[in-house]
Amino acid sequence: MTNRRIAFLLAWTFLLLLVAAATDLTSPPPPLGKEQSPASKVLADKQWVLFEDNNHGFRVEHPSDWTITTLIEQQRPYAEPEKIIRKYAFAGPEGYTTLSVFLSNGLDLASWLKNQNEASPNLFPAMGANGTVAGHPAVVFMVDDNLIAFTGNDQYVFRFWHPMSDDLA
């Protein structure tokens, strides 16, 4: 149970530190304090690097020993604009997280999630924002053993997906 709790805390810490969905927002890992979890300390002790996707307007900080793999890359004009247009996997010794990029089609996050849920019922719960990622409203929830966060800007919706059961930590 302790490993599961550490994995959960690691996922949350990684997700919160990882995202800089706006082009001008990034933040270094928080300074170590007495109240930080062991998972936070593992990530805080790492060297961090910046990954930039200028085509989709975001920057993501990740531990330098993690690899980035492009899993999906639709070319413009998009053959399937309603589906994932780009998907990355960030993987390292502590586990992995995927980042999927969707077109927002001019919808705010809540409306986009509602449309997605109508197109694919029960894929994920459509709900209002219950958090923030890089200063943007976010919808964060668990489905089965997956930690999922959606956020977006005027042009794109970003989904972070962290499978807790596949975590190596």
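To be clear, the structure that these remarks concern was listed above.
Here the structure is a predicted model, which means the values were calculated and not measured.

How each quantity is defined
- Residues numbered from 1 in each chain as written.
- Predicted model: local features only at pLDDT ≥ 70, side-chain atom pairs only at ≥ 80, totals over all residues.
- Heavy atoms only, no water.
- Helix = DSSP H or I, 4+ residues; strand = E, 2+ residues; numbered from the N terminus.
- Buried < 20%, exposed > 50% of the residue type's maximum accessible area, 1.4 Å probe, protein only.
- Contact = heavy atoms within 4.5 Å.
- Areas by Shrake-Rupley, 256 points an atom, 1.4 Å probe, with all protein chains shown as cover.
- Salt bridge = Lys/Arg side-chain N within 4 Å of Asp/Glu carboxyl O.
- Pairing = 2+ DSSP bridges.
- Axes fitted to C-alpha atoms, helices over the stretch in contact; angles between N-to-C directions.
- Phe/Tyr/Trp six-rings, centres within 6.5 Å; stacked < 30°, edge-to-face > 60°.

Asker: Which residues make up the overall build of the protein, and what values do they have?
Answerer: A tally of regular secondary structure across the protein gives three helices and ten strands. In the protein, the succession of α and β elements from N to C terminus is α-β-α-β-β-β-β-β-α-β-β-β-β. Within the protein, the proportion of its 169 residues that are buried is 47%. A separation threshold of at least 6 residues defines the contact pool for the protein, and within that pool the share at least 24 residues apart is 49%. Counting every atom, the protein has about 8900 Å² of accessible surface; 53% of that belongs to carbon and sulfur.

Asker: Quick one: what's the story with the pattern of salt bridges, residue by residue and with numbers?
Answerer: Opposite charge on two side chains makes pairing possible when the charged atoms of those side chains draw close. Inspection of every chain in the model, using the stated rule, returns five salt bridges. Salt-bridge contacts for Lys-46 lead to Asp-65; the nearest nitrogen and oxygen are separated by 2.8 Å. On the criterion of sequence distance, the pair formed by Lys-46 in the loop between helix H2 (38-44) and strand E2 (48-53) and Asp-65 in the loop between strand E3 (58-63) and strand E4 (67-73) is long-range, its members being 19 residues apart. For Lys-46, a relative accessible area of 17% gives the class buried. With its nearest N and O atoms 3.0 Å apart, the salt bridge here joins Arg-86 to Glu-73. Here the residue Arg-86 occupies a position in strand E5 (residues 86-92), and Glu-73 occupies one in strand E4, the gap between them amounting to 13 residues. Residue classification places Arg-86 among the buried residues on the basis of a relative accessible area of 9%.

Asker: Residues and numbers for the pairing of E5, please.
Answerer: With respect to burial, E5 is a largely interior element, six of its seven residues being buried. As judged from the six bridges shared by E4 and E5, these two strands associate in the antiparallel manner. Among the inter-strand pairings, Ile-68 is bridged to a residue of E5, identified as Phe-90.

Asker: If you had to explain the sheet that holds strand E6 (residues 95-103) to someone new, which residues and values would you point to?
Answerer: An order of E4-E5-E6-E10-E9-E8-E7 is seen for the seven strands of this open sheet, with the pairing classed as antiparallel. The sheet terminates laterally at E4 and strand E7 (131-133), the two strands that pair on one side only. Looking at each pair of strands side by side, their axes are set apart by 25 degrees on average, direction ignored.

Asker: Quick rundown of the packing of aromatic side chains? Include the residues and the values.
Answerer: A ring pair, where both rings are aromatic, is described by two values, the distance of the centres and the angle of the planes. All told, the structure shown has ten aromatic pairs when counted by the stated rule. When the ring of Phe-58 is compared with that of Tyr-88, the centres are 6.3 Å apart and the planes differ by 70 degrees; the resulting orientation is edge-to-face. Linking Phe-58 in strand E3 with Tyr-88 in strand E5, this pair joins segments that are 30 residues apart in sequence. Across the pair, exposure class does not vary: Phe-58 and Tyr-88 are buried alike. One aromatic cluster in this structure is built from Phe-51, Phe-58, Tyr-88, Phe-90, Tyr-156 and Phe-158.

Asker: How would you sum up unusual backbone geometry? Please name residues and give values.
Answerer: Backbone torsion omega between Arg-76 and Pro-77 reads -5 degrees, so that peptide bond is classified as cis. Among the secondary structure elements, Pro-77 is positioned in the loop between E4 and E5. One non-glycine residue, Ala-134, lies in the positive phi region at around 50 degrees. Residue placement: Ala-134 occurs in the loop between E7 and strand E8 (136-143). Under the relative-accessibility criterion, Ala-134 is labelled partly exposed at 23%.

Asker: Talk me through the environment of Pro-163; I want residue IDs and the actual numbers.
Answerer: Inspection of the secondary structure assignment puts Pro-163 in strand E10 (residues 156-163). Apart from the residues within four sequence positions on either side, Pro-163 is in contact with Tyr-96, Asp-145 and Asn-146.

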